[in-house]
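Structural overview for review
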Amino acid sequence: QFCQLWMLALARRNAHALLDYSVTADPRMLLAVQRHLAASQDENGDTPLHLAIIHEQTAVIKQLIEVIVSIPSQQIINISNNLQQTPLHLAVITKQPQVVQLLLQARADPTLLDRYGNSLLHLALQAGDEEMLRMLLAHLGSAAPYLLRLPNFHGFLPVHLAVKARSLACLDLLVRKGADVNAVERQGGRTPLHLAVEMENLNMATHLVKKLGADVNSRTFAGNTPLHLAAGLGSPTLTKLLLKAGADMLCENDEPISPSSSEASSDTDADPEEQGEPALAVERGTNPESPMQGHGQAGHRQRRCHTPLDLTRSQKRAVPGQGTSLPAAETGRVSGRHLSCAGKVLSLDSEALQGLGQRLKQDGAGGSVGGLLEALDSMGLRKAVRMLHKTEALEKLQSTGTGKSRS
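Definitions and cut-offs
Residues numbered from 1 in each chain as written. Predicted model: local features only at pLDDT ≥ 70, side-chain atom pairs only at ≥ 80, totals over all residues. Heavy atoms only, no water. Helix = DSSP H or I, 4+ residues; strand = E, 2+ residues; numbered from the N terminus. Contact = heavy atoms within 4.5 Å. Salt bridge = Lys/Arg side-chain N within 4 Å of Asp/Glu carboxyl O. Buried < 20%, exposed > 50% of the residue type's maximum accessible area, 1.4 Å probe, protein only.

Moving on, we get to the environment of isoleucine 68. Relative to the helices and strands, isoleucine 68 is located in helix α4 (residues 58–69). On a C-alpha basis, the gap between isoleucine 68 and leucine 49 in space is 9.4 Å, while along the polypeptide they are 19 residues apart. Not counting the four nearest positions on each side in its chain, isoleucine 68 is found in contact with Ala38, Leu49, Gln74, Ile76 and Ile77.

In structure tokens form, the structure reads like this:
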């Protein structure tokens, strides 16, 4: 008896709603009596609001939002589908900024993440959507600082995705809103500048260095600076940019140099003491009092690690990081460009080398080229010494020739 009364009351409400709709042509009259069905989901987990957004039915979206917000303590607006996508996520993906604004005004939660840990900012930046990003940053309110510092499940922050999207405008928007231009991604410890160098994107790298003041000596988890990556890629243009911005040419990464037999045979200038160094050498950061010392010696000399200068003459096919090459998370793809083939030595062009020599004269060891050459020689960088000697001799010949012509 009670069930029959309930069904009769429901039929009367629906009938009145249909009559009201006939008079007003307002679909909300029909939706109001069925608002309890707004949380229903199909086989994909999509609610009516999900489907309206997917099919870009803006008028229906507005009507559904108005009905949903009228439900006390409702969370329908934040329901996720089977892909962990909320209506907000879908509105960003389908590039409907007006709908995103409507949802945010209706108190949709902007901090929810999809199945890959992507926030609204990540999704907008993956598409390189400047308009959407601008709208989000203007309406996120107190959630903005949190989302700017939030990595997705791949470890990338919004600033990293702006670089990967090659969007200077998006990057500027993020930095103006408070994003850290030197933030590190969580897999390899790369900053936006590392990523720009890896991508060989000179425009982005220049923008980061000159306009946004990115740290040119920031280090990855393997100790590599952007200059290490530029040298390993064999890019004179990026190398010159970084050196001019103050990059440290002698900064060592965390991979000790362990000369192979081919390197030892090819480099006849190698230090006899270094050639005879035991394989159990102490790496950087090892306690000098370690019990591994001994063998009749007072202590092992710490093994030197790779500098960017080492990488310009390395025969490896990738920048050293851990083992013989950087992990995939740190190197990414190098666009098919690697170091020169085995048996060949990669070097900077003469313009870059002369610029380096001039910089070293100003900032080098003791303020003199002689002091620097002595320091490089003590570090075993004899090929670099010979290259600098050639450059210095060339400059002397040029100056002598100029003097004769004047006389």
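There's more to say after this.
Enumeration according to the criterion identifies six salt bridges in this entry. Ionic pairing is found between glutamate 185 and arginine 190, a salt bridge with its closest N-O pair at 2.8 Å. Residue arginine 190 is classed as buried on the basis of its relative accessible area, which comes to 5%. Between aspartate 310 and arginine 304 there is a salt bridge; the shortest N-O distance is 2.9 Å. When sorted by exposure, aspartate 310 lands in the same class as arginine 304, which is buried.

Buried residues of helix α8 (residues 130–139): Met132, Leu133, Met135, Leu136 and Leu137, and no others. Of the surrounding secondary structure, the elements contacted by the buried residues of α8 are α5 (87–93), α6 (97–105), α7 (120–126), α9 (143–148) and α11 (168–176). After α8 finishes, the residue glycine 141 shows a positive phi value of roughly 60°.

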